[in-house]
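Observations on the three-dimensional arrangement
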Amino acid sequence: MPPFLLLTCLFITGTSVSPVALDPCSAYISLNEPWRNTDHQLDESQGPPLCDNHVNGEWYHFTGMAGDAMPTFCIPENHCGTHAPVWLNGSHPLEGDGIVQRQACASFNGNCCLWNTTVEVKACPGGYYVYRLTKPSVCFHVYCGHFYDICDEDCHGSCSDTSECTCAPGTVLGPDRQTCFDKNECEQNNGGCSEICVNLKNSYRCECGVGRVLRSDGKTCEDIEGCHNNNGGCSHSCLGSEKGYQCECPRGLVLSEDNHTCQVPVLCKSNAIEVSIPRELVGGLELFLTNTSCRGVSNGTHVNILFSLKTCGTVVDVVNDKIVASNLVTGLPKQTPGSSGDFIIRTSKLLIPVTCEFPRLYTISEGYVPNLRNSPLEIMSRNHGIFPFTLEIFKDNEFEEPYREALPTLKLRDSLYFGIEPLVHVSGLESLVESCFATPTSKIDEVLKYYLIRDGCVSDDSVKQYTSRDHLAKHFQVPVFKFVGKDHKEVFLHCRVLVCGVLDERSRCAQGCHRRMRRGAGGEDSAGLQGQTLTGGPIRIDWED
């Protein structure tokens, strides 16, 4: 579905016309490639792995040699013509269910759901399904199709007196009364598993989190007591001690947040991502990103790759309460030996998914004039960062020249031009100024406050909002004011900014003005989102003639 402009009656007068939504059962794109089927194993001698980077939020129908529908069970890696095949982690809906949301998982490196996203599914009259598929966050991902068992006139099994087919154990009869779809045992009481349930073809299995192992019952988990058991759950080295054990990583790698898995260090900056890969891990491989023109540079000990959120094939998406930027580092054997002495290789291919997470919700505090001592928020950890905004005070309604060098004196009869500006301009995202309020001090929780914007709505009729070419930038004009009282000679502004996907029609940003939004009634609860604060100001108000 192409993006559309959301108009609100706050700033635009006229008659609104609601677009007519097409039924996805009659308006879809067919996916019929044979390599997309679950029976197709990747053979790189016949060509490179494929990627669904052309898929971008449209409705699709699996047909032909691609299969009947998406598989609802874990698909091993290196199937469906790619490294990380994507399957549907949930049962298909009934026709009466309408459009439902399901999790789609990508299998890789022994993990059936190493990456995941949310897709929409609808059962159509005639017994087929359509899927609204999101663009994969990284290559190499492909949405799989699968041929399910069909009950012909001979039923291929047992038939009831009504000539209806009885499906094999682990499968259920589909809406067309002929196709036997896989039964997702994990949807009922988590399959009886105490922790993780993984749906398989006509079956399922239980798994445990990092550092834990299945008991003999195959369903419950217990802590790993030492390195003798499954290497302590460590991905690399396990060191035992009197008090227990701990995992350690080879030189150049770092322990992830689970304290068991070693990973390549990732530095998430406000405008760029930096990956540093030890040379011992690279060997004689040449590293590049999704856009193969972006390649690694060796400094003798590491191969470094620096790229921005807008280049090198980086995919930026909104997932729950985070902005997620993803890319994939791929290593392939060099055609000729490198100058650094790489004459041998120890692996034929290296795949390193790179992900940086940024909060969606920001609280920006500023006086009438920016504090020039402020600096942008820096990285929080090796794989989390800040997607930064600033509150700028502009000289006029062109919103091009902010006050930088000198702090102006504002009078009550002046106009104040301020804007929410992103330090990184990324396409595919938009912002909503959920609230803006003024206080006489720098404290956000000040009892005395005056709202200019609340619940995405203008609370003061004197506030004027300007349109901006950047979906993330917001510009406003309001007459200069001060709080009553001789001691109140300063004013601070505080704005809460929420970031959403520009194509997400159900997001809080798409709702726009929504007074007294009821939390938990199908929409996002922005109160629970992560926030960050920038503080600055103040300026004295010249209010005496």
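Residues numbered from 1 in each chain as written. Predicted model: local features only at pLDDT ≥ 70, side-chain atom pairs only at ≥ 80, totals over all residues. Heavy atoms only, no water.

1. Thoughts on the sheet that holds strand β3 (residues 84–89)
Pairing in this open sheet of seven strands is mixed, and the strands run β1-β2-β6-β5-β4-β3-β7 from one edge to the other. The sheet is open, and its two borders are formed by β1 (29–31) and β7 (141–143), each paired with just one other strand. Neighbour-to-neighbour, the strand axes of the sheet open up by a mean angle of 40°, direction not taken into account. The pairing of strand β5 (residues 111–124) with strand β6 (residues 128–132) spans five bridges and is classified as antiparallel. The partner of glutamate 120 across the bridge, within β6, is arginine 132. (Pairing = 2+ DSSP bridges. Helix = DSSP H or I, 4+ residues; strand = E, 2+ residues; numbered from the N terminus. Axes fitted to C-alpha atoms, helices over the stretch in contact; angles between N-to-C directions.)

2. Some words on unusual backbone geometry
With a phi close to 65°, asparagine 78 is a non-glycine residue in the positive phi region. Structurally, the position occupied by asparagine 78 is in the loop between β2 (59–62) and β3. A positive phi angle, near 65°, is found at cysteine 312, a position not held by glycine. Here cysteine 312 is to be found in the loop between β23 (302–308) and β24 (315–319).

3. Some points on the state of the cysteines
In the structure shown here, the tally under the stated rule is 16 disulfides. What pairs with cysteine 234 in a disulfide is cysteine 247, and their sulfur atoms sit 1.9 Å apart. Taking the torsion about the S-S bond as the criterion, the cysteine 234 to cysteine 247 disulfide, at about -75°, is left-handed. Here cysteine 234 is found in the loop between β14 (221–223) and β15 (237–241), whereas its partner cysteine 247 is found in strand β16 (residues 244–248), with 13 residues between them in sequence. The class of cysteine 234 is buried, set by a relative accessible area of 8%. The exposure class of cysteine 247 is buried, given its relative accessible area of 7%. Between cysteine 294 and cysteine 312 runs a disulfide, and the two sulfur atoms are separated by 2.1 Å. Residues cysteine 294 and cysteine 312 share a disulfide whose torsion about the S-S bond is about -85°; that sign makes it left-handed. Taken together, the positions of cysteine 294 in the loop between β21 (285–288) and β22 (297–298) and cysteine 312 in the loop between β23 and β24 put the pair 18 residues apart, joining distant regions of the chain. A residue is classified by how much of its surface remains accessible, and cysteine 312, at 8% relative accessible area, is buried. (Disulfide = S-S within 2.5 Å. Buried < 20%, exposed > 50% of the residue type's maximum accessible area, 1.4 Å probe, protein only.)

4. A closer look at the packing of aromatic side chains
Overall, the coordinates contain twelve aromatic pairs when judged by the stated rule. Grouping aromatic residues by their ring pairs yields a cluster made of Phe394, Phe399, Tyr417 and Tyr466. When the ring centre of phenylalanine 437 is taken as origin, the NZ or CZ atom of lysine 449, which lies over that ring, is 4.5 Å away. Over the ring of tyrosine 451 we find arginine 454, and its NZ or CZ is 4.1 Å from the ring centre. (Phe/Tyr/Trp six-rings, centres within 6.5 Å; stacked < 30°, edge-to-face > 60°. Lys NZ or Arg CZ within 6 Å of the ring centre and 35° of its normal.)

5. Some words on the confidence of the model for the protein
Low pLDDT marks regions whose predicted coordinates should not be analysed in detail. In this model, the protein carries a mean pLDDT of 77, and residues with pLDDT of at least 70 account for 79%. Confidence, expressed as mean pLDDT per element, reaches its minimum in the protein at strand β37 (residues 533–534) with 42 and its maximum at β2 with 95. Across residues 153–157 the pLDDT falls below 50, and counting only partners more than four positions away or on other chains, this stretch makes three contacts in the model. Within the model, pLDDT remains below 50 along residues 369–382, and this stretch shows 41 contacts once partners closer than five positions in the same chain are excluded. (pLDDT = per-residue confidence, 0-100. Contact = heavy atoms within 4.5 Å.)

6. Some remarks on the sheet that holds strand β35 (residues 474–479)
Sheet architecture is open: four strands sit in the order β28-β30-β35-β34, paired in antiparallel fashion. The sheet terminates laterally at β28 (389–394) and β34 (464–466), the two strands that pair on one side only. Here the strands of the sheet are splayed against their neighbours by 25° on average, with no regard to which way each runs.

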